[in-house]
Amino acid sequence: RKGSVIITGASSGLGLATAKALAETGKWHVIMACRDFLKAERAAKSAGIAKENYTIMHLDLASLDSVRQFVDNFRQSGRPLDVLVCNAAVYLPTAREPTYTADGFELSVGTNHLGHFLLSRLLLDDLNKSDYPSKRLIIVGSITGNTNTLAGNVPPKANLGDMRGLAGGLNGLNTSAMIDGGSFDGAKAYKDSKVCNMLTMQEFHRRYHDETGITFASLYPGCIATTGLFREHIPLFRLLFPPFQKYITKGFVSEDESGKRLAQVI
Ligand code: NDP
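Structural notes, computed from the coordinates. (Residues numbered from 1 in each chain as written. Predicted model: local features only at pLDDT ≥ 70, side-chain atom pairs only at ≥ 80, totals over all residues. Heavy atoms only, no water.)

## Some thoughts on the pairing of strand β2 (residues 28–34)
And then number 1: For β2, a buried count of seven out of seven residues is recorded, marking the element as mostly surrounded by other parts of the structure.
And then number 2: In β2, alternate side chains face the same way, and those of Trp-28, Val-30, Met-32 and Cys-34 on one face and His-29, Ile-31 and Ala-33 on the other are all buried.
And then number 3: In this region the chain leaves strand β1 (residues 3–8), passes through helix α1 (residues 13–25) and returns to the parallel neighbour β2; the handedness of that crossover is right-handed.
And then number 4: Bridging between β2 and strand β3 (residues 54–58) involves five bridges; their strand directions are parallel. By the bridge assignment, Met-32 is partnered in β3 with Ile-56.
And then number 5: Considered for its hand, the β-α-β crossover made up of β2, helix α2 (residues 37–46) and β3 is right-handed. (Buried < 20%, exposed > 50% of the residue type's maximum accessible area, 1.4 Å probe, protein only. Helix = DSSP H or I, 4+ residues; strand = E, 2+ residues; numbered from the N terminus. Right-handed = clockwise from strand over helix to strand, strands pointing away. Pairing = 2+ DSSP bridges.)

## Here we look at the site of the ligand
And then number 1: Taken together, 31 residues lie around the ligand, and Ser-11, Lys-39, Asn-87, Tyr-190 and Thr-227 are the ones closest in.
And then number 2: Asp-60 places a side-chain nitrogen or oxygen 2.9 Å from a nitrogen atom of the ligand.
And then number 3: The contact in question runs from an oxygen atom of the ligand to an N or O atom on the side chain of Tyr-190, over 2.6 Å.
And then number 4: Protein burial of the ligand: of its 900 Å² of free accessible surface, 97% is covered by the chains.
And then number 5: Within the residue set of the shell around the ligand, elements represented by two or more residues are α1 and α6 (186–212).
And then number 6: Classifying every residue of the shell around the ligand by side-chain character gives 15 nonpolar, eleven polar and five charged. (Near = heavy atom within 4 Å. Polar contact = N/O pair within 3.5 Å; in protein donor to acceptor, adjacent residues only side chain to side chain. Areas by Shrake-Rupley, 256 points an atom, 1.4 Å probe, with all protein chains shown as cover. Nonpolar A, V, L, I, M, F, W, Y, C, P; charged D, E, K, R; others polar.)

## Quick word on the sheet that holds β3
And then number 1: Read across the sheet, six strands follow the order β3-β2-β1-β4-β5-β6 without closing on themselves; strand pairing throughout is parallel. Since the sheet does not close on itself, it has two edges, and those belong to β3 and β6 (215–219), each with one partner. Across the sheet, the mean angle from the axis of one strand to that of its neighbour is 15°, orientation sign disregarded.
And then number 2: As paired elements, strand β5 (residues 136–140) and β6 share five bridges and run parallel to each other. Note on β6: the bridge partner recorded for Val-140 is Leu-219.
And then number 3: Relative to the sheet, helix α4 (residues 107–129) contacts β1, β4 (83–86), β5 and β6, its axis offset from that of β4 by approximately 175°.
And then number 4: Together, β5 and β6 form the strand contacts of α6, whose direction differs from that of β6 by roughly 165°. (Axes fitted to C-alpha atoms, helices over the stretch in contact; angles between N-to-C directions. Contact = heavy atoms within 4.5 Å.)

If you want it as structure tokens, here you go:
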């Protein structure tokens, strides 16, 4: 049978390119887990993904109810789950004030980490049931959350501190909207969320790999400087960032190439 893979945020960028690369092998059925159904349908069509190779299912990671609903709907579809790819993310580098998920968590950590954490935790059972020979749970990480890289040393650096903000609910009301309890910084919140993504995979590996045989991974896809991730950034940044990555850091990868890389890992 075909492999069955869920990719979150497959309506653009890396997620869409990965869905396309997998569909083209003819060996995968891709469940595109997206918050905007119409956008996802248009994206799949314009990428030329054949109808029989994908299904779109609604998922809004900024709502824990939606995550639970998605898992119910997926189970009702009767499809097996062989690989889960947590790819969706928001990046709000120019935000001056925090915004919040439906549950009242700061939006970047709430979406990128907490939504994916619940999704992964719930779908672990489904992955466990699959008879696929190489079951995987992959979260897309980033070098910006890693201080052993150049990009990870550009301030503000990721830092979870003693996690007092997270313990306090990450809601900016009685406590901070930042994990470390500091004042709000959208770029740092993104980097913190990516550290959480990477730590989640390490901890899942430690707790569940031996017992389930599932491979837990996190990867950096390269700098895909052209995706929607930078949509909230100032126009000058969006203009200069792709050539800077292409010619100066040489870390640039095209959406197509990054999709092929992630597909290979899957
Ligand atoms: P995009 O903005 O193109 O893709 C992000 C996707 O996430 C979109 O499909 C978006 O949906 C979806 N999304 C956002 N919020 C939610 C939500 N609440 N519920 C469901 N889906 C949501 O960016 P990229 O393709 O660049 O990013 C993909 C991954 O790659 C991210 O995890 C990012 O951190 C990582 N990454 C990217 C790098 C880069 O250089 N671009 C570098 C390192 C890592 P919608 O289409 O509806 O907006």
